[in-house]
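Here is how the chains run, residue by residue.
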Amino acid sequence: MVYRILLMPKAGADEGRSIALQRAFATLGLSHLPPVVVDDLYFLEADLPAGDIASLARTALLDPVVQTLAVEEAGTGDEAATGVIEVTYLPGVTDSVAENLLAVAHSLGYQGVRQAASGRRFRFQGEVAESHLQAIARGLLANSTVQQYAVNRPIDPPFLVPQAGNGGRPRVAIIPIRELDDRQLHALSRERRLSLDLQEMQAIQNWYRHEGRDPTDVELETLAQTWSEHCVHKTFRALIDYREEPGDVAGDQGVALEIDGLLKTFIRAATEKVDKAWVQSAFVDNAGIIRFDDSYDLAFKVETHNHPSALEPFGGANTGVGGVIRDILGVSARPIANTDVLCFGPENLPEEKLPAGVLHPRRIAEGVIHGIEDYGNKMGIPTVNGAVHYHPGYTANPLVYCGCLGILPRGSHRPLHNARAGDLIVAIGGRTGRDGLRGATFSSMEMDHTTGEIASTAVQIGNPIVEKQVMEVILRARDAGLYTAITDCGAGGFSSAIGEMGRHVGARVRLDQAPLKYPGLRPWEIWLSEAQERMILAIPPHHWPAFRQLCRDHDVEACVLGEFDGSHRLRVDYGDTTVADLDMTFLHEGVPRRRLDAVWSPTRHPEPEHLLVSPPDDPSELVLRVLAHANVRSRADIVHRYDHEVQGGTVVKPLAGAAQRGPNDAAVLIPQPCQRQSGRPQAAAALAVGINPRYGFIDPYAMAWACVDEALRNVVAVGADPDRVALLDNFCWGNPALPDRLGSLVRCARGCHDAALAYEAPFISGKDSLNNEYLGEDGAKHAIPGTLLISAVGIVPDLECTASADLKQAGDYLYLLGETHAELGGSVYYDLCGEIGASVPRPYPQALPRLRALHRAIRAGLVRACHDLSDGGLAVAVAEMCLAGELGAEIDLDLLPAGEELPAAAALFSESLGRFLIEVRPQAAGRFETLLSSQPCRRIGTVLAESHLRVLDAGRPLFSLPLCDMYRAYESS
Amino acid sequence: MKPPVAILHAPGTNRDLDIALALEVAGAAPEIVHINRLLACERRLSDYAMLVIPGGFSYGDDLGAGKLWAVRLRHDLGAQIDAFARSGKPILGICNGFQVLVKTGLLPDPAAGVQSLTLTRNTSARFECRWVYLEPNRQNPSPWLRGLERIFCPVAHGEGNFQVDEAGTLQRLQRNHQIAFTYVDSGGQPGPYPVNPNGSVADIAGITDPQGHILGLMPHPENHILPHQHPGFHRSCRLGSGLRLFQNGVAMIR
């Protein structure tokens, strides 16, 4: 018997959700709809009378204060319902609500309950055309990738939808490869979605010819995974023939280079040349590790989850956060902060401009932010820093960068390659299902499937509570010394995690031991599944009983999948059958090196000089428009959805000031294990990011410098020591097989290298996400803007010597540190006027002495507020400081340190690097000026008690803006 | 000797360490006790002088905020919990813990033992993490509130909207002086969102049982016990610490 359980809000309850939905309907162009009520819908399959189901529902589900309950047998309900949409998950999609409901039913003694599912019912309180209901269901309520919906009829629970592929005995297939010609090799790669090129397929063919047999499907998939761009970074390790076409500068002959790997030549090389003793681990483990204090280290990692977020924004971002947290757990660290940087298409994009098959940017943004909120908040990790950037180039391909910072006692980590022969291979956490298998591979199976089922395997839904419990187990196991090596299951699932961990010893795996979500998985599906919340540990047999007990204590599932065995082979068995037997050396070193062509030819955008000479509007009006720009305006709405206070360590918070209405440059955190320390100085960690893809349209080299400069500026502004800052690089680019895409990537990587040397800041970890291109219906390729994210983690030597961005007191002086040039190429101001321009902010190689001088002033307690100048230039910086502090200011544009005569628009909106606006008490001005005497640093104004921003030019009033107008612009949406 | 305090932990609990720090600073000896250890009889509630149910997302809040944890406590540990409540030892539930106390029926009155109020979805229909002011009800004689000044601390929840089943319930809470905290602005006056961050009736942020031993509240005073946790740390703002609340709790068991 299948029962439907409905929990319906009582009259007046849950109106907030109804109002929020009405707002969302309006974005679909559907206003004036009748009110909608949202019911929670559950399905139970049980051999129990309806009375028992009702009593179970009353005990386990009902909130009697605000809900009423109805239980009905499926198929007997109100068939002729109107104005009703019902939504449930598709079969195979993680439904933790259903899992919990099933578990509690059993623990309450309702053993007759066999299956459960959850869903929602949306009831309109009046007539709505069926076509509108369909549009709402498709456009807002159900994502066909993971959900199904029904309009004006009861929906079937997912467990009643026939499941494909669950019949018959799981088996392994042999793929004949030895006799294939080149065309057939290519076809095999394409059909199985191996993403291997001909050269790589030939290498595999040769190996099997030498072995005298053909590969199994498990082996072929393992090789494809291990040799994938994601796992071995073929592009960043490739040999590249690089050319730069001559630029505008007289005498520029262009450049021609052979690059022996981007990673080695530019990124790692920078780390080695900078050579900081406090770098504990760079580029070798799941995350970069630096020294924090005498006892602890910090681990930092940033990942991307772009493609999944485009398909299923909530699930994609959700599992993106979950994945990067596992990277931190994979270096035995306790996660203490999350960061997120998001790039979306324009929120107001007209529907007719949306490419077919693409979700609207508004929907993507809402889902992504909700996904980040859900995972971070539930894990109890504060989300403290990030950025949101809008550009039409991200419409079909949003970017979701998820970062996580962790802390670990020095020496407590047992790295990935530490596994020893004899150790058990132990998997813990979530169960294995078809999650994250490639849709097309799935479709190659001979079975009765639906489109939804194919796609539902490509996208994963997270379960943060499972990961939370995995974390509790890992940290305790670490402290008890129960494991010898640890890594997470990410891309490639078991195959990557175990293959990599056993690389130097060899592993023997018994796949049939893996706990499964549902029966019927084939061996290669178990082996390759990217199901979430799983970790692999190497555990010496004598520690297994203690480890197993620890897992039981925390409701975490653990199983022994095999052992590391000293064979230097990867052998995988399923029952009596050996389904893979690969040589570790071939698996990890057999991939042929790629040779790629790259060309960078500068795109020349005209410099719109008229915008400086005769701006299109009053300067005060322009300031308001810049403050309201999508890439500048307040992020408070998002910040309040993230728990940024849990763990109690957030000292410099995302929002600054009396009313917390302005942004801080970076977050400062005291890691929880260090909060018990007393006495001074107390050290802290600062986190910040730098991103500006608009500069990349002009020159990716300059963009790289700007990103590094911004990340450094941000952490130093809050009090980090510029000589204790480590960087992470995350490149999101188009198809590297196209020489122009790769050319701009190379030029950007060169910029990263040169900037890291200038700032003496090592890269400790990085990741690239390539092939961010979208093939439109028109057949044209939509590539994203080449986007570099630089994330910085800095050590704050003394918590008492930190600075926030809000103005503190009328009468204080305002200093501008750093020279302003007419550098508006790629600026917010030009963007507002529909221009890109050419005068991109230039690299500033002498930045480090400036950062050190500023840091000395902060350490001396002379800086009351500090804010860096970035998007929108001086105008935005001074406005944000006023808004955060609820105080006015007066500045004179004629006083700016500048190498040249600047028109007012340039002084206000130029985005030159290396600049800070600093509030200093009059009594401290002398000492401050002395400490900054080697730098271009001038007093340009004063903090005012009255609520106005007054801007002068050589003493003459240029304009005066009331704070209330600035709030209105800045907080508009 | 420092009095022992049990901080309960269920899968998804996440502010247990935050409360542990607050209780340590206040002079107690907190121990985080996984619910499985109680179920396995490795620990008994009666061994502790105070019970704390902390914030988080127990069991993912999958069947409603705090619901599943409340079901498990009531069903599997009901006798221990009721005995603890009857003994008059203090019980504190914060955020998810407040939701649990309400859904087990320990609040508003353990003697009644039924759910007559709830913490439902915020009227903004969103998770809200923001700093709020809590005005202690000076007519509430509970030792939890002794000498308390206005507290400034964050809320962090999606379901903190305090609602009652009928008007009589609210009147009883008011008549019995069971309201512990209300949301106010910096000047102590009530106000609309975001002063009241979730739409709670009568701006109620927390209540006690009629005897004043059991306190439940949505906001997180445990996240404001040290000066640098104040959002106005850089503006030399030092008022509004939540530490006194925990010191009051420790005073009750010393």
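Residues numbered from 1 in each chain as written. Chains lettered and ligands numbered in written order. Predicted model: local features only at pLDDT ≥ 70, side-chain atom pairs only at ≥ 80, totals over all residues. Heavy atoms only, no water.

A short note on the overall build of chain A
- In terms of helices and strands, chain A carries 32 helices and 39 strands.
- Against the 2.2 N^0.38 benchmark of 30 Å for 973 residues, chain A shows a C-alpha radius of gyration of 29 Å, consistent with a compact globule.
- Projected onto its principal axes, the C-alpha coordinates of chain A cover approximately 85 × 70 × 60 Å.
- Taking all 973 residues of chain A together, 64% fall into the buried category.
- Put simply, 82% of the contacts in chain A that link residues at least 6 apart link residues at least 24 apart.
- Accessible surface computed for chain A: about 33,500 Å², of which carbon and sulfur atoms make up 49%. (Helix = DSSP H or I, 4+ residues; strand = E, 2+ residues; numbered from the N terminus. Rg over C-alpha atoms; globule rule 2.2 N^0.38 Å. Buried < 20%, exposed > 50% of the residue type's maximum accessible area, 1.4 Å probe, protein only. Contact = heavy atoms within 4.5 Å. Areas by Shrake-Rupley, 256 points an atom, 1.4 Å probe, with all protein chains shown as cover.)

A short note on the overall build of chain B
- On a plain count of helices and strands, chain B comes out with six helices and eleven strands.
- At 17 Å, chain B has a C-alpha radius of gyration in line with the 18 Å of a compact globule built from 254 residues.
- Over its C-alpha atoms, taken along the principal directions, chain B stretches across nearly 50 × 45 × 35 Å.
- Of all 254 residues assigned to chain B, the portion counted as buried reaches 65%.
- Nonlocal contacts in chain B, meaning residues at least 24 apart in sequence, comprise 76% of its contacts between residues at least 6 apart.

What to know about the packing of helix H5 (residues 182-191) of chain A against helix H6 (residues 198-211) of chain A
All names here are of chain A.
- Two elements in contact, H5 and H6, have axes separated by 9 Å at closest approach and are oriented at 100 degrees. With respect to H6, the element H5 is oriented roughly perpendicular. In this structure, H5 contributes Asp182, Leu185, Leu188 and Ser189 to the contact, and H6 contributes Leu198, Met201, Gln202 and Gln205.
- Broken down by class, the residue content of the contact of H5 with H6 amounts to four nonpolar, three polar and one charged. (Axes fitted to C-alpha atoms, helices over the stretch in contact; angles between N-to-C directions. Parallel < 35°, antiparallel > 145°, perpendicular 65-115°, else oblique. Nonpolar A, V, L, I, M, F, W, Y, C, P; charged D, E, K, R; others polar.)

Let's talk about helix H22 (residues 619-627) of chain A
- For H22 of chain A, the set of buried residues is Ser620, Leu622, Val623, Leu624, Val626 and Leu627 of chain A.
- Where H22 of chain A is buried, its residues contact helix H27 (828-832), helix H29 (873-885), helix H30 (904-909), strand S39 (956-962) and helix H32 (963-970) of chain A.

A word on the layout of surface pockets
Residue and element names in this part refer to chain A.
- Taken as a whole, the second largest pocket encloses approximately 1,500 Å³ of empty space.
- In terms of lining residues, the second largest pocket is bounded by 47 residues, among which Asp95, Ser96, Ala98, Glu99 and Asn100 are the most central.
- Here the residues of the lining of the second largest pocket are counted per class, giving 23 nonpolar, 14 polar and ten charged. (1 Å grid on protein atoms, 1.4 Å probe; cavity = no way out; pocket = protein on both sides within 12 Å on 5 of 7 lines; lining within 4 Å. Points joined across faces, edges and corners; volume = space filled by probe spheres on them.)

Observations concerning the sheet that holds strand S8 (residues 255-260) of chain A
Residue and element names in this part refer to chain A.
- Spatially, the three strands line up as an open sheet ordered S8-S7-S22, and their pairing is mixed. Both edges of this open sheet fall to S8 and strand S22 (595-600), since each of them pairs with a single strand only. For this sheet, the mean angle separating the axes of adjacent strands, direction not counted, is 15 degrees.
- One ladder, built from six bridges, connects strand S7 (residues 239-244) with S8; its direction is antiparallel. (Pairing = 2+ DSSP bridges.)

Remarks on the confidence of the model for chain B
- Residue-level pLDDT values for chain B average 96, and 100% of them are 70 or greater.
- As scored by the predictor, the complex reaches a pTM of 0.95 and an ipTM of 0.97. (pLDDT = per-residue confidence, 0-100.)

What to know about the interface of chain A and chain B
- Taken together, the 66 residues of chain A in the interface contact 52 residues of chain B.
- Of the roughly 4,800 Å² buried between chain A and chain B on both sides combined, carbon and sulfur atoms contribute 52%.
- Sorting the residues of chain A by area buried against chain B places Val65, His640 and Arg676 of chain A first, and these three jointly supply 12% of that buried surface.
- Counting every contact that joins chain A to chain B gives five salt bridges.
- In this structure, the salt-bridge partner of Asp14 of chain A is Arg121 of chain B, at a minimum N-O distance of 2.9 Å. (Buried area = accessible area lost by both parts, 1.4 Å probe. Salt bridge = Lys/Arg side-chain N within 4 Å of Asp/Glu carboxyl O.)

Some remarks on the environment of Leu931 of chain A
All names here are of chain A.
- Counting through the fold element by element, Leu931 comes out in helix H31 (residues 925-931).
- Residue class for Leu931 comes out partly exposed when judged on its relative accessible area of 29%.
- Beyond its immediate chain neighbours, meaning those up to four positions away, Leu931 contacts Ala853, Arg856, Ala857, Ala860 and Leu862.

Details of the pattern of salt bridges
All names here are of chain A.
- Evaluation of the coordinates by the stated rule reveals 71 salt bridges over all chains.
- The residue Arg595 makes a salt bridge to Asp241 at a minimum N-O spacing of 3.0 Å. In this pair, Arg595 is assigned in strand S22 and Asp241 in strand S7, connecting sequence segments 354 residues apart.
- Overall, the relative accessible area of 48% leaves Arg595 in the partly exposed class.
- Taking the relative accessible area as the measure of exposure, Asp241 reaches 26% and is therefore partly exposed.
- Among the ionic pairs, Arg476 bridges to Glu472, the shortest N-O distance being 2.9 Å. Separated by four residues within a single helix, Arg476 and Glu472 lie in helix H16 (residues 464-479), roughly one turn from each other.
- According to the relative accessible area criterion, Glu472 is buried, its value standing at 9%.
- Salt bridges linked by common partners bring Asp197, Glu200, Lys234 and Arg594 together as one network.

Here's the deal with empty space enclosed by the protein
All names here are of chain A.
- Following the criterion strictly, the structure yields nine cavities of 30 Å³ or more and no others.
- Computed from the structure, the largest cavity encloses a volume of approximately 790 Å³.
- Lining the largest cavity are 37 residues, with Gly386, Ala387, Arg635, Pro663 and Asn664 positioned closest to its centre.
- Contributions of two or more residues to the lining of the largest cavity are made by strand S13 (383-390), helix H23 (636-639), strand S25 (662-663), strand S27 (684-691), helix H25 (700-718), strand S34 (865-868) and H29.
- No other element matches the seven residues that S13 contributes to the lining of the largest cavity.
- Partitioning the lining of the largest cavity into residue classes produces 16 nonpolar, twelve polar and nine charged.

Thoughts on the domain arrangement of chain A
- By domain assignment, chain A separates into domain 1 (2-160), domain 2 (182-236) and domain 3 (597-633 + 803-973).
- Put simply, the middle of domain 2 of chain A and the middle of domain 3 of chain A, counted by C-alpha atoms, are 54 Å apart. (Domains from an automatic or database assignment.)

A word on the packing of helix H1 (residues 16-26) of chain B against helix H6 (residues 243-253) of chain B
All names here are of chain B.
- Closest axis-to-axis distance for the H1/H6 pair is 8 Å, and the angle between their directions is 65 degrees. Accordingly, the angle class assigned to the pair H1 and H6 is roughly perpendicular. When the axes of H1 and H6 are compared, the crossing they make is right-handed. Facing Ile19, Ala22, Leu23, Val25 and Ala26 of H1, the residues of H6 in contact are Leu243, Phe246, Gln247 and Val250.
- For the contact of H1 with H6, the residue count by class is eight nonpolar, one polar and no charged. (Left-handed = near helix turned anticlockwise from the far one by under 90°.)

Points about the nonpolar core
- Within the largest apolar cluster, 118 residues are counted, with the highest numbers of intra-cluster contacts made by Ile240, Leu298, Leu405, Phe731, Ile918 and Phe928 of chain A.
- With 14 residues, H25 of chain A is the largest single contributor of residues to this core.
- Apart from the residues lying within four places of it in its own chain, the contact partners of Ile240 of chain A are Thr235, Leu257, Glu258, Ile259, Leu262, Leu596, Ala598, Leu742 and Val746 of chain A.
- Within the second largest apolar cluster, 97 residues are counted, among which are Tyr42 of chain A together with Ala10, Cys153 and Val164 of chain B. (Core = buried A, V, L, I, M, F, W, Y, C linked by side-chain atoms within 4.5 Å.)

Here we look at the state of the cysteines
Residue and element names in this part refer to chain A.
- Under the definition given, this model contains zero disulfides over all chains.
- You can see Cys402 has no disulfide; the closest cysteine sulfur is in Cys404, sitting 10.0 Å from it.
- Look at Cys402 and you get buried, because its relative accessible area is 1%. (Disulfide = S-S within 2.5 Å.)

Notes on the sheet that holds strand S35 (residues 888-892) of chain A
Residue and element names in this part refer to chain A.
- The seven strands are arranged S34-S36-S33-S37-S35-S38-S39 in an open sheet whose pairing can be described as mixed. With partners counted over all chains shown, the strands left at the sheet margins are S34 and S39, one partner each. Pairs of neighbouring strands in the sheet enclose a mean axial angle of 20 degrees, with direction left out of account.
- As judged from the six bridges shared by strand S38 (residues 948-953) and S39, these two strands associate in the antiparallel manner.

Quick word on the packing of aromatic side chains
Residue and element names in this part refer to chain A.
- Summed over all chains, the structure comprises 16 aromatic pairs over all chains.
- On the numbers, 5.4 Å between centres and 70 degrees between planes, the contact of Trp227 with Phe586 is edge-to-face. One end of the pair, Trp227, is in the loop between helix H7 (217-226) and helix H8 (229-232); the other, Phe586, is in helix H20 (residues 584-589), and 359 residues separate them in sequence.
- A centroid spacing of 6.1 Å and a plane angle of 55 degrees characterise the contact between Phe731 and Trp733, whose relative ring orientation is tilted. (Phe/Tyr/Trp six-rings, centres within 6.5 Å; stacked < 30°, edge-to-face > 60°.)

With respect to the side chain of Asp209 of chain B
Residues and elements named next belong to chain B.
- Tracing the backbone shows Asp209 in the loop between strand S10 (204-208) and strand S11 (214-217).
- Although Asp209 is buried, it forms no salt bridge, and the closest oppositely charged side chain is Arg86 at an N-O distance of 12 Å.
- In terms of polar contacts, Asp209 uses its side chain to reach the backbone amide nitrogen of Gly212, at 2.9 Å.
- A distance of 2.9 Å separates the side chain of Asp209 from the backbone nitrogen of His213, its partner in a polar contact.
- The residues contacting Asp209, other than those within four sequence positions of it, are Leu106, Leu107, Pro108, Pro110, Gln178 and Ile214. (Lys, Arg positive; Asp, Glu negative; His and termini not counted. Polar contact = N/O pair within 3.5 Å; in protein donor to acceptor, adjacent residues only side chain to side chain.)

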